[in-house]
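Letter by letter, the chains look like this.
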Amino acid sequence: PISAEVIDGVRFAKWERGVAFEEVLIDDANPNTLSWNFRFPDPALLKPLDYRVSPIGPEVFLETGGYQFTETSPTKTLVTLTTTYRLKTPMNGYLALWGKLFLDDFHMAVLHVLAIRAEANA
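Let us look at the structure shown here. Predicted model only: the values in this text are computed from it and were never measured. Going along each chain's sequence as written, the residues are numbered from 1 onward. Note on the predicted model: pLDDT of at least 70 is required for a residue's local features to be given, and 80 or more for side-chain atom pairs to be given and counted; whole-chain, interface and lining totals, by contrast, use all residues. Based on all heavy atoms of the structure, the side-chain values leave hydrogens and waters out of the count.

We now examine the packing of aromatic side chains. Ring pairs shown here join Phe, Tyr and Trp side chains whose ring centres sit within 6.5 Å, with only the six-membered ring taken for Trp; geometry is labelled stacked below 30 degrees between planes, edge-to-face above 60, and tilted in between. All chains considered together, the criterion is met by 8 aromatic pairs. Consider the rings of Phe21 and Phe40, whose centres lie 5.6 Å apart with planes at 45°: the pair is tilted. Note that Phe21 is positioned in strand E3 (residues 20-25) and Phe40 in the loop between strand E4 (33-39) and strand E5 (60-73), a separation of 19 residues in sequence. Phe40 matches Phe21 in its accessibility class, with the two residues each being buried. Ring geometry for Phe38 versus Phe40: centroids 6.0 Å apart, planes at 10°, classification stacked. The pair Phe38 / Phe40 is uniform in exposure class, with both members buried. Linked through ring pairs, Trp15, Phe21, Trp36, Phe38, Phe40, Tyr67, Phe69 and Phe106 together constitute an aromatic cluster. Note on criteria: charge over ring means Lys NZ or Arg CZ within 6 Å of the ring centre, with the direction from the centre no more than 35 degrees off the ring normal. It is Arg86 that lies over the ring of Phe61; its NZ or CZ is 4.7 Å from the centre. Put simply, DSSP marks the helices as runs of H or I at least four residues long and the strands as runs of E at least two long, and each gets a number from the N terminus on. When a residue's accessible area, from a 1.4 Å probe over protein chains only, is under 20% of the maximum for its type it is buried; when over 50% it is exposed; and in between it is partly exposed.

Structural data, given as structure tokens:
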């Protein structure tokens, strides 16, 4: 992630290579979560992605995402990132394994960036 801003409950996310999309924040009373529905209003901004993992299909459809914040000590918080998606292929079971590997790797990369930024601002 390069930048993001929230306007009226929508997070406008900008990534490398011009990739951009929106995350519509879900109003949740739990102060330890931040959840959203993905929205991709301009498919042209997803062109730099490999078409086989495009978040808007035809095989993969990103649906929701979110962070869970768990205080582990007075000065530390565990942050867990999740993403839900649907697969529409003849090999869903097999591809779900690859999807988990891909998303786990992606989540670790995002969480690493967030950790660096949080530590710089601490």
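Put simply, a salt bridge is a Lys or Arg side-chain nitrogen that is within 4 Å of an Asp or Glu carboxyl oxygen. Considering all chains together, one arrives at 3 salt bridges under this definition. Glu23 is the partner of Arg11 in a salt bridge, and the nearest nitrogen-oxygen pair spans 2.5 Å. Placement of Arg11 in strand E2 (residues 10-14) and of Glu23 in strand E3 is noted, with a sequence separation of 12 residues between them. In this structure Arg11 comes out as partly exposed when scored by relative accessible area, which is 22%. With a closest N to O distance of 2.7 Å, Arg39 and Glu22 form a salt bridge. Taken together, the positions of Arg39 in strand E4 and Glu22 in strand E3 put the pair 17 residues apart, joining distant regions of the chain. On the basis of relative accessible area, Arg39 is assigned to the partly exposed category, the value being 37%.

The next subject is the sheet that holds strand E1 (residues 3-7). A pair of strands counts as paired when DSSP detects no fewer than two bridges linking them. Taken together, 6 strands build an open sheet; the order of strands is E1-E2-E3-E4-E5-E6 and the sheet is antiparallel. Of all strands in the sheet, those bounded by a partner on one side alone are E1 and strand E6 (76-87). Adjacent strand axes in the sheet meet at a mean angle of 25° when their direction is disregarded. Pairing between E3 and E4: 4 bridges, direction antiparallel. By the bridge assignment for E4, Glu22 is matched with Arg39. The contact criterion used is simple: two residues touch if any of their non-hydrogen atoms lie within 4.5 Å. What counts as an axis is a line fitted to C-alpha atoms, over the stretch in contact for a helix, and the angles between N-to-C directions run from 0 to 180 degrees. Strands E5 and E6 of the sheet are contacted by helix H1 (residues 92-120), whose axis makes an angle of about 145° with E6.

As defined by bridge partners, E5 adjoins E6 across 12 bridges and the pair is classed as antiparallel. Counterpart to Leu62 in the pairing with E6 is Tyr85. Where E5 hands over to E6, the hairpin turn is made up of 2 residues, counted between the paired strands.

Treat this as a map of the structure, not an account of what it does.
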